[in-house]
There are 2 protein chains.
Amino acid sequence: MLYNLVVSEKFDVKGTINDEHVMNRRNFVVKSSAGAALMASSPSYSFSIGKYAERLKVGFIGLGARGTGQLGLILNRSDIVVTALCDIDQERLLQAVDMVTTAGMKKPATFGNGPEDYQNLLLSDDVDAVIISTPWIWHTPMAIDAMEAGKAVGLEVAGAFDIQECWDLVNTYERTRTPFMIIENVSYRRDVMAVLNMVRNKVFGEIVHMQGGYQHDLRAVKFNNGSQLYGGGVEFGAKGYSEARWRTNHSVYRNGDLYPSHGLGPIANYINNNRGNRFVYLTSTASKARGLHEYIVEHPQGGEDHPNAEVEFKLGDVVTTVIKCAMGETLMITHDTNLPRPYSLGFRVQGTDGLWMDINNSIYIEGEGEPHEWQPDTAYMQRYDHPLWKKHESESVGAGHGGMDFFVLHAFVEALKHNEPMPMDVYDCVSWAAVTCMSEQSIANGSSPVMFPDFTRGKWMKREPIFGLDDRY
Amino acid sequence: MLYNLVVSEKFDVKGTINDEHVMNRRNFVVKSSAGAALMASSPSYSFSIGKYAERLKVGFIGLGARGTGQLGLILNRSDIVVTALCDIDQERLLQAVDMVTTAGMKKPATFGNGPEDYQNLLLSDDVDAVIISTPWIWHTPMAIDAMEAGKAVGLEVAGAFDIQECWDLVNTYERTRTPFMIIENVSYRRDVMAVLNMVRNKVFGEIVHMQGGYQHDLRAVKFNNGSQLYGGGVEFGAKGYSEARWRTNHSVYRNGDLYPSHGLGPIANYINNNRGNRFVYLTSTASKARGLHEYIVEHPQGGEDHPNAEVEFKLGDVVTTVIKCAMGETLMITHDTNLPRPYSLGFRVQGTDGLWMDINNSIYIEGEGEPHEWQPDTAYMQRYDHPLWKKHESESVGAGHGGMDFFVLHAFVEALKHNEPMPMDVYDCVSWAAVTCMSEQSIANGSSPVMFPDFTRGKWMKREPIFGLDDRY
């Protein structure tokens, strides 16, 4: 769940995209529009199986800790060839090239000539699909450019800055029909998938209320000593290294649920979001912001006199968001990244027949076990272990985040190879990501409710669930 | 936490107070106004210690399961004499009389001649204080009448129907200065008091976020067979017995957090609500209502054809409320009484140095134990065991709800005897109870924020914390 991209001094430390980039991007869209128009003219345009008859040609944009982690998993696959790599940091780029050649593949093309060079990667005929794992501010423009260029997109998760960029993603997808998947790995966590299985088997009866969140002490991610990945100092921005260089600034300027999808995506799948159900509105409330300032002043490398002790962090330490769904369910989502605490996504799934919580791996199902007593969830996890996990367990060993990183990339590749819909698509992506800018708006307006756009424009009423239906992906 | 008052057929099953009662009550206020005026004329009016030199004379209004439970605890005390009992159900009244005489006290006066007879109890010179444990709709009128009559009030918890009745309680208290305490027992739970001790010792650093709630499967309380206290059928209202006769109707007509204080009161004390801090606003969101209907149709005594299968329950199964406090803390409160689940008040107390949760009795304090790993809270509970519990543990054995019922009544009696402020006063009472009608309003308005009145009229800025300061009460 930790992203990492080493960025060069060319990046504005506030993460803004400069005008030059925007201009270059406009030129790029013009250049690639011929191809896009060609695609759009074919109503049933899609990736053909034949195209990947040999091996799917994948490019990577962003080769920080997260990108190289995904690269390593992709390199394990025999149905993939990595043909292109992009990062503005030459060191990361060379390291990734080495990973590819060590895996026995030929040296991929590299793109590292500044922040817009990814556009040249997208123009390559030798790339079918891209995995994008860059700082959040780049996600939407890169994904849009990739779809315009007809390169299938696997996009890492992030929150949205504005509703309009969500619409831009949706509109680009609907116009180009380029395959797009949001790489939300927690949806593939083993217990999360077993519970999906339980939900579909009505173990909990009718789902009524759920909880989830991103409760992760990121203080040593947000601050480091400028040379190591995690901790060892209280630097961020220009003096920080890796994520601390770009991610921390979001905590300086923004107050909202900055990272909703790990807690929200899995439970959204449980209630068939955008497929017979949808989010209708939310309210968000932020606590005071204390954790990051305290970390700075209490750190041996920090203190009251450290320049960063004067930074005023806008991000409330705990942001609580409540979502009402069209079918009447409520979802409570927590964002909690500034305080000392054990990692927990805090899942709770509750229906008319019982509930499950991951915090103590406990379950209660009416009529099973002792009345009013929690049971360990072990037997349920075994009984409802998802067929996908049963089938691919051995392949997932060693993959990131307890194996779930294997499954999410597996799904992207398999859906693409078989020319089938992406299991977590652009509508999933934007309905989760929109929580970020909507929560910022709600908090800024004293927790006023904010309505979700219907990004499907009504299609949610007829769309059928497709996530995790069988053992294929 | 379960109240019980057997009500006669004279009660409107919807729990409304009929016009006749209102008229009688107006007469009563006139009758008792001479006494109230006398009190008000003395600016420093208070109960004198001398008055209770021998024994505090206590009357009980409401002798259902809850009232008789409290009566039993009071009868254990040597500083109390029970002088008056009131219930509209003769059987309950006689049973309570028997309890008193069996305890070696003389036969108390009884008041059972209809729903207004409590007013005659309040006119008795032989009563110093009353414990009120009646259906919720009677709490405010009875408490106001008692304060008007100069009888110290120990009032069981309930949610408010309207902000105005909160103000009526406050205004009556401020005018009469009759001692008033809200009998919120969970505030005295052993772990809750230990955590209070930890909060005051800054174990968690600065408090940032807390959670609590009333998560209690009440289905067998809301429905019974008309003759037993709990379960055995799907009857309520006129055909129900005990709580099912009056409490269930609140789930038919109302959608909000009907019972906030058990989850909110304890954590309100942690952040010095009304004493240097206060609740500023809340939002509430209710899930769909499924649990009670399903219970009726799936019960062996119910079914699709049972008349109650047609009842539309307005109360959402899970109601989630988020409160923002003046000092920047957020509180998340859950009301969850219609679904099968183990009992849990779901406390979480989180600060800049760590957090505690009661769900798995776990704690994490930075610098203690393994980084990022939960610890069992046992050692902390022992180390920070509250002096009050250490001193009175043996007396509390056998008292209701794990001993906490002893402590809450102990506090009422001791504060009264010593002519000291009530540890949970009228401002506490109304700021907790107001959550009910405010959450109803928020839900009815699509989770719009609702502002808390400042019931202290500014005094919260200067008032000092008094709850649980030492081992006395």
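Keep in mind the model is a prediction, meaning the values are calculated, not measured.

Asker: Describe the overall build of chain A, with residues and values.
Answerer: Across its full length, chain A holds 16 helices and 15 strands. Taken across its 473 residues, chain A has 65% of its residues classed as buried. Here the analysis covers contacts within chain A between residues at least 6 apart in sequence; of these, 75% occur between residues at least 24 apart. Summed over its atoms, the accessible surface of chain A is roughly 16,600 Å², and 50% of this surface lies on carbon and sulfur atoms.

Asker: Go over helix α11 (residues 261–270) of chain A, please, and point to the residues and values.
Answerer: What sets the pattern is the α-helix's 3.6 residues per turn: residues three or four places apart point alike. All names here are of chain A. With 10 of 10 residues buried, α11 lies mostly within the body of the structure. For α11, the set of buried residues is S261, H262, G263, L264, G265, P266, I267, A268, N269 and Y270. Two residues or fewer after α11 comes N272, characterised by a positive phi angle close to 55 degrees.

Asker: Can you lay out the confidence of the model for chain A for me, pointing to particular residues and giving the numbers?
Answerer: All names here are of chain A. In the predicted model, chain A carries a mean pLDDT of 90, and 89% of its residues have values of at least 70. When the criterion is pLDDT under 50, residues 1–23 qualifies, and its contacts beyond four places in sequence or with other chains add up to 77 contacts. Of the regions scoring below 50 in pLDDT, residues 33–50 engages in 22 contacts with residues more than four places distant in sequence or in other chains. Across the interfaces of the predicted complex, the ipTM metric reaches 0.91, alongside a pTM of 0.91.

Asker: Got a sec to walk through the sheet that holds strand β15 (residues 450–451) of chain B? Specific residues and values, please.
Answerer: Residues and elements named next belong to chain B. In space, the 9 strands of this open sheet follow the order β14-β13-β12-β11-β7-β10-β9-β8-β15, with mixed pairing throughout. Each edge of the sheet is formed by a strand with only one pairing partner; in this case those strands are β14 (375–376) and β15. Note that strand β9 (residues 318–325) and strand β10 (residues 330–336) share 7 bridges and pair antiparallel. In the strand pairing of β10, V319 is matched with H335. The sheet contacts of helix α16 (residues 426–444) involve β8 (279–286), β9 and β15, and relative to β8 the element is tilted by about 50 degrees.

Asker: Which residues make up the pairing of strand β6 (residues 180–183) of chain A, and what values go with them?
Answerer: Residues and elements named next belong to chain A. Burial along β6 is two-sided: the residues F180 and I182 and M181 and I183 are all buried. Relative to β6, strand β5 (residues 152–156) runs parallel, the two being bridged by 4 bridges. When the bridges of β6 are listed, V153 appears paired with F180. Handedness of the β-α-β unit built from β5, helix α6 (residues 163–176) and β6 comes out right-handed.

Asker: Please provide a residue-by-residue account of the packing of helix α2 (residues 65–75) of chain B against helix α3 (residues 90–102) of chain B, values included.
Answerer: Residue and element names in this part refer to chain B. At a minimum axis distance of 10 Å, the contact between α2 and α3 shows a crossing angle of 10 degrees. Comparing their axes, α3 and α2 come out roughly parallel. Note on element contacts: α3 touches α2 through R92, A96, M99 and V100, opposite A65, T68, L71, G72 and L75. Counted by class, the contact of α2 with α3 contains 6 nonpolar, 2 polar and 1 charged residues.

Asker: How would you sum up the relation of the copies chain B and chain A? Please name residues and give values.
Answerer: Here chain B sits on chain A after a turn of 180 degrees about the axis and a move of 0.0 Å along it, with an RMSD of 0.0 Å. One copy is carried onto the other by what is essentially a two-fold rotation axis. Residues of chain B ranked by C-alpha distance from the rotation axis are headed by S448 of chain B, positioned 2.7 Å from it. Comparing interface residues between copies, 100% of those in chain B also lie at the interface in chain A; the contact surface is shared.

Asker: Outline unusual backbone geometry, supporting the account with residue identities and numerical values.
Answerer: Residues and elements named next belong to chain A. Although it is not a glycine, K202 adopts a positive phi angle of roughly 60 degrees. Along the chain, the position of K202 falls in the loop between α7 (190–200) and β7 (207–215). K202 sits in the exposed class, given a relative accessible area of 57%. At S242, a residue that is not glycine, the phi angle is positive and equals roughly 60 degrees. Under the relative-accessibility criterion, S242 is labelled buried at 2%.

Asker: I'd like a rundown of the interface of chain B and chain A, residues and numbers included.
Answerer: Many structure descriptions define interface size as the accessible area lost when the parts assemble. Taken together, the contact between chain B and chain A spans 52 residues of the former and 52 residues of the latter. The residue R348 of chain A makes a salt bridge to D336 of chain B at a minimum N-O spacing of 3.1 Å. At the surface where chain B touches chain A, the tally comes to 23 residue pairs in polar contact (both at pLDDT 80 or more). Going through the elements one at a time, β7 (207–215), β8, β9, β10, β11 (348–351) and β12 (354–357) of chain B are the ones with two or more residues in the side of chain B that touches chain A. Within the side of chain B that touches chain A, the residues separate by chemical class into 18 nonpolar, 19 polar and 15 charged.

Asker: I'd like a description of the pattern of salt bridges, backed by residues and values.
Answerer: Per the stated rule, a full pass over the model turns up 58 salt bridges over all chains. Between R175 of chain B and E148 of chain B there is a salt bridge; the shortest N-O distance is 2.6 Å. On the criterion of sequence distance, the pair formed by R175 of chain B in helix α6 (residues 163–176) and E148 of chain B in helix α5 (residues 139–148) is long-range, its members being 27 residues apart. Linking E440 of chain B and R254 of chain B is a salt bridge whose minimum nitrogen-to-oxygen distance equals 3.0 Å. Here E440 of chain B, found in helix α16, pairs with R254 of chain B, found in the loop between α10 (248–253) and α11 (261–270); they are 186 residues apart in sequence, far enough to count as distant. Among the ionic contacts, a cluster of salt bridges with common partners joins R77, D79, E414 and K417 of chain A.

Asker: Let's hear about the domain arrangement of chain A: which residues, and what values?
Answerer: Residue and element names in this part refer to chain A. Along its sequence, chain A is organised into domain 1 (10–178) and domain 2 (187–389 + 420–461). Overall, the association of domain 1 and domain 2 removes approximately 2,200 Å² of surface from exposure, summing both partners, and the carbon and sulfur fraction of that is 71%. At the boundary of domain 1 with domain 2, the tally comes to 2 salt bridges. A salt bridge links K459 to E174; its shortest N-O distance comes to 3.1 Å. On the surface where domain 1 and domain 2 come into contact, there are 7 residue pairs in polar contact (both at pLDDT 80 or more). Counting residues per element, the side of domain 1 that touches domain 2 draws most heavily on α6, at 8 residues. For the side of domain 1 that touches domain 2, a count of residues per class yields 14 nonpolar, 2 polar and 3 charged.

Asker: I'd love a proper account of the pairing of strand β2 (residues 80–86) of chain B, names of residues and values included.
Answerer: All names here are of chain B. Taken across its 7 residues, β2 has 7 buried, putting it largely inside the fold. Pairing analysis gives 6 bridges linking strand β1 (residues 56–61) to β2, with the strands arranged parallel. If you follow F60 over to β2, its bridge partner there is L85. In terms of handedness, the path from β1 via α2 over to β2 forms a crossover that is right-handed. Strand direction decides the pairing type here: β2 and strand β3 (residues 109–111), joined by 3 bridges, are parallel. Considered in β3, the bridge of A84 is made with A109. Where the polypeptide runs from β2 across α3 and back to β3, its parallel neighbour, the crossover connection is right-handed.

Asker: Can you explain the sheet that holds β3 of chain B? Please cite residues and give values.
Answerer: Residues and elements named next belong to chain B. Taken in spatial order, the 6 strands make up an open sheet running β3-β2-β1-β4-β5-β6, and their pairing is parallel. With one partner strand each, in any of the chains shown, β3 and β6 (180–183) form the two edges of the open sheet. Strand-to-strand, the axes of this sheet are offset by a mean angle of 25 degrees, without reference to chain direction. As judged from the 4 bridges shared by strand β4 (residues 129–132) and strand β5 (residues 152–156), these two strands associate in the parallel manner. Bridge pairing in β5 places I132 opposite L155. Packing of α3 onto the sheet brings it into contact with β2 and β3, and relative to β2 it is tilted by some 170 degrees.

Asker: Report on helix α2 (residues 65–75) of chain A, specifying residues and quantitative values.
Answerer: Burial within α2 of chain A is extensive, with 8 of its 11 residues counted as buried. Every buried residue of α2 of chain A is accounted for by R66, G67, T68, Q70, L71, L73, I74 and L75 of chain A.

Cut-offs used in this document
Residues numbered from 1 in each chain as written. Chains lettered and ligands numbered in written order. Predicted model: local features only at pLDDT ≥ 70, side-chain atom pairs only at ≥ 80, totals over all residues. Heavy atoms only, no water. Helix = DSSP H or I, 4+ residues; strand = E, 2+ residues; numbered from the N terminus. Buried < 20%, exposed > 50% of the residue type's maximum accessible area, 1.4 Å probe, protein only. Contact = heavy atoms within 4.5 Å. Areas by Shrake-Rupley, 256 points an atom, 1.4 Å probe, with all protein chains shown as cover. pLDDT = per-residue confidence, 0-100. Pairing = 2+ DSSP bridges. Axes fitted to C-alpha atoms, helices over the stretch in contact; angles between N-to-C directions. Right-handed = clockwise from strand over helix to strand, strands pointing away. Parallel < 35°, antiparallel > 145°, perpendicular 65-115°, else oblique. Nonpolar A, V, L, I, M, F, W, Y, C, P; charged D, E, K, R; others polar. Least-squares fit on C-alpha atoms with pLDDT ≥ 70 in both. Salt bridge = Lys/Arg side-chain N within 4 Å of Asp/Glu carboxyl O. Polar contact = N/O pair within 3.5 Å; in protein donor to acceptor, adjacent residues only side chain to side chain. Domains from an automatic or database assignment. Buried area = accessible area lost by both parts, 1.4 Å probe.

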